Amino acid sequence: MNIRLNIFFWPLIMVIILGSCINDNRIRHFSDLTWKELSQITIETFDDYTLQIVGEMKIPIDSLTPNPIIYPVYFDGDSNHFFSFYNRNTNSLDIYNLGTAKRIKKHFFPVEGPLAISRVSYPFIKSMDSIFIWTLSPPMIILMDSTGHQKKSFNFPEDPQKLNVNMVQHFYEVGNKIVLGYLPYGNSTKLKDSANFLLYDLKSAKVIKSKAGRPRSVSEFPLYGSHAVPRLCVGHNQNIINFFGAGQLIIQSDLKKDTVSYYVLRSKYLPNSYPEPKHDGTVVENRDALKGHYFMMVYDPYRYFYYLMCLLDADSYDQNGKVNGVDDMQISIIIADTLFRRRGELLLPKHKYFRSMFVTKEGLLVSNGNSKNRMYHEDTLTYTIFKPILSGL
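Thresholds, definitions, all that
- Residues numbered from 1 in each chain as written.
- Predicted model: local features only at pLDDT ≥ 70, side-chain atom pairs only at ≥ 80, totals over all residues.
- Heavy atoms only, no water.
- Helix = DSSP H or I, 4+ residues; strand = E, 2+ residues; numbered from the N terminus.
- Buried < 20%, exposed > 50% of the residue type's maximum accessible area, 1.4 Å probe, protein only.
- Contact = heavy atoms within 4.5 Å.
- Areas by Shrake-Rupley, 256 points an atom, 1.4 Å probe, with all protein chains shown as cover.
- Salt bridge = Lys/Arg side-chain N within 4 Å of Asp/Glu carboxyl O.
- Phe/Tyr/Trp six-rings, centres within 6.5 Å; stacked < 30°, edge-to-face > 60°.
- Lys NZ or Arg CZ within 6 Å of the ring centre and 35° of its normal.
- Pairing = 2+ DSSP bridges.
- Axes fitted to C-alpha atoms, helices over the stretch in contact; angles between N-to-C directions.
- Core = buried A, V, L, I, M, F, W, Y, C linked by side-chain atoms within 4.5 Å.
- pLDDT = per-residue confidence, 0-100.
- Lys, Arg positive; Asp, Glu negative; His and termini not counted.
- Polar contact = N/O pair within 3.5 Å; in protein donor to acceptor, adjacent residues only side chain to side chain.

K.L.:
How should I be thinking about the overall build of the chain in this particular structure?
P.N.:
Counting its regular elements, the chain contains five helices and 26 strands. Residues classed as buried in the chain amount to 52% of the 393 residues present. Within the chain, residue pairs in contact and separated by at least 24 positions form 55% of the contacts whose partners lie at least 6 positions apart. Of the roughly 19700 Å² of accessible surface on the chain, 52% is carried by carbon and sulfur atoms.

Now the structure itself:
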């Protein structure tokens, strides 16, 4: 009986062990591939979902100053849910009740005097009593409530500019650690040792670089703003997700388990063709600023999907010879599950939507604020509400 059990038992164990090794090697191998090698990998796709329009949200705003809102902040209250953004032109934080579509708070940060705060990044809001503000001048993280009262401040131990902290992106608070974006600088050799994000420990006041370094598919290219800068998203189980404008590779960092996983996710509307790098790290030709790239990712904790916004290629000039801008780049949105398998992708109409989106209980909200949208109004923030549904329903 024991002999017969061993005959069947040990081969099964060996299959499991070998299978695990193959999977682990394959995952690690993704970070070592060139961009061209990565583009040749066949990815698992289902394309069984699409996004359906289920409504619209309009918020009246102050139109006396520009409101370039790319990274709005959404958070749940006890009985209400709220929308907030930082206005760089007025150096203020605006908070709206989404249920009533009315502004309930507008806090101006002082620009002069000993308590002056400027160069504020986008806020992170856990609740109305816990609003984190990251400011470069002075370099610190401030914890305040919705009245503007500063409850606590955390001085940054090093010069954020020397650490290359990215002030343009969202930052997050996860387990008493602030997750900050990172701007890499240097040649392609230095980039291989670059971090993808920084952790600022609020208890120890130490800055820790991410365990995952820059993948070869990105570090082999010289820096190019929209393509080589790592972008941040806090996703499923509060894992830190990194991706790059050049796309394809998704890096998931599990802070609790101290592990890193790699995935390949690709748009069906972005071509797998970037300039071939030379041996010295330069490229054969310059890439236009309107070259398509992967722009923004958000996680939907209510439906367990990721949404990845892609900006598609645009010509430098329109048919009348006028210079095109970012608003001339058509948008597509990839739907991915928690294993980063593509479950669908929706191509949005050109010149209607703006490169801003966020998730609420109602669904995925995508801004209608494209400057060439005929229905665009400066005094109103308008978002189309989408929900993922099975294709063909």
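K.L.:
How do you make sense of unusual backbone geometry when you look at a structure like this?
P.N.:
The phi torsion of most residues other than glycine is negative, and most of the peptide bonds are trans. Of note in the backbone geometry, Ala101 takes a positive phi value of approximately 60° without being a glycine. The topology assignment puts Ala101 in the loop between strand E4 (92-97) and strand E5 (102-108). Even without being a glycine, Tyr304 presents a positive backbone phi close to 60°. The residue Tyr304 is located in the loop between strand E20 (293-300) and strand E21 (305-311) in this model.

K.L.:
Looking at this structure, how should I read the pattern of salt bridges?
P.N.:
Opposite charge on two side chains allows them to pair when their charged atoms are near. Across all of its chains, the model carries 13 salt bridges by this definition. When the shortest N-O distance is used, the salt bridge between Lys58 and Glu56 registers 3.9 Å. On the accessibility criterion, Glu56 (47% relative accessible area) is partly exposed. With a shortest N-O distance of 3.9 Å, Lys211 and Asp258 are connected by a salt bridge. One end of the pair, Lys211, is in the loop between strand E15 (207-209) and helix H4 (216-219); the other, Asp258, is in the loop between strand E18 (248-254) and strand E19 (259-265), and 47 residues separate them in sequence. Linked by salt bridges that have partners in common, Asp48, Asp337, Arg341 and Arg343 make up one network.

K.L.:
What am I meant to see in the packing of aromatic side chains here?
P.N.:
Two aromatic rings are characterised by how far apart their centres lie and by the angle between their planes. Counted according to the given criterion, the structure contains 18 aromatic pairs. Through pairs of rings, three or more aromatic residues link up here, namely Tyr74, Phe83, Phe85, Tyr96, Phe358 and Tyr383. Its end group placed over the ring of Phe46, Arg343 keeps NZ or CZ at 4.7 Å from the ring centre.

K.L.:
Please explain the pairing of strand E10 (residues 150-155) as it appears in this structure.
P.N.:
Within a regular beta strand, the side chains point alternately toward one face of the sheet and then the other, so they alternate between its two faces. In this structure, strand E9 (residues 139-144) lies alongside E10, joined through five bridges in antiparallel fashion. If you follow Met144 over to E10, its bridge partner there is Gln150. The antiparallel pairing of E9 with E10 creates a hairpin that spans five residues between the two strands, and Gly148 there sits at a positive phi of about 100°.

K.L.:
Just checking my understanding: could you explain the sheet that holds strand E2 (residues 73-76) for this structure?
P.N.:
The strands making up a sheet associate through hydrogen bonds between their backbones, and the pairing can be parallel or antiparallel. Read across the open sheet, the four strands follow the order E2-E3-E4-E5; overall the sheet is antiparallel. Every interior strand has two partners, whereas the edge strands, E2 and E5, have only one. Between one strand and the next, the sheet's axes are offset by a mean angle of 20°, whatever the strand orientation.

K.L.:
Any chance you could explain the nonpolar core here in plain terms?
P.N.:
Across soluble globular proteins, nonpolar side chains show a tendency to be buried alongside one another. Counting 27 residues, the largest nonpolar core has Phe132, Trp134, Ile178, Val179 and Leu180 as its most contacted members. Counting residues per element, the ones that place at least two in this core are strand E8 (130-137), E9, strand E12 (172-174), strand E13 (177-182), strand E14 (197-201) and strand E16 (230-234). Those residues in contact with Val179, other than ones at most four positions away along the chain, are Phe171, Tyr172, Val174, Phe197, Leu198, Leu199, Leu232 and Ile240.

K.L.:
Honestly, the sheet that holds strand E1 (residues 49-60) in this entry has me stumped. Any pointers?
P.N.:
One open sheet accounts for four strands, arranged E1-E26-E25-E24; its pairing is antiparallel. Every other strand in the sheet has two partners, leaving E1 and strand E24 (357-360) as the edge strands with one partner each. Across the sheet, the axes of successive neighbouring strands diverge by a mean angle of 30°, strand direction being ignored. One ladder, built from 11 bridges, connects E1 with strand E26 (residues 380-390); its direction is antiparallel. Paired with Gln52 across the two strands is Lys387, which belongs to E26.

K.L.:
Looking at this structure, I do not really get the confidence of the model for the chain. What am I missing?
P.N.:
A low pLDDT score tells you not to read the predicted coordinates there in detail. Residues with a pLDDT of 70 or more make up 80% of the chain, whose mean pLDDT is 80. When mean pLDDT is taken per element in the chain, strand E22 (residues 331-336) scores highest with 98 and helix H1 (residues 2-30) scores lowest with 43. Counted against residues more than four places away or in other chains, residues 7-28, with its pLDDT under 50, gives three contacts. Confidence over residues 278-287 falls short of pLDDT 50; this stretch has 22 contacts with residues more than four positions distant or in other chains.

K.L.:
I would appreciate a short explanation of the side chain of Asp145 in the present structure.
P.N.:
Relative to the assigned elements, Asp145 resides in the loop between E9 and E10. For the buried Asp145, no salt bridge is present, and the opposite-charge side chain at shortest range is Lys151, 5.9 Å distant. A distance of 2.5 Å separates polar atoms of two side chains, one belonging to Asp145 and the other to Thr147. With residues near it in sequence (within four places) discarded, Asp145 still touches Met128, Asp129, Ile131 and Lys151.

K.L.:
So what exactly am I meant to see when it comes to the environment of Thr338 here?
P.N.:
Relative to the helices and strands, Thr338 resides in the loop between E22 and strand E23 (342-347). Note on Thr338: relative accessible area 24%, which makes it partly exposed.

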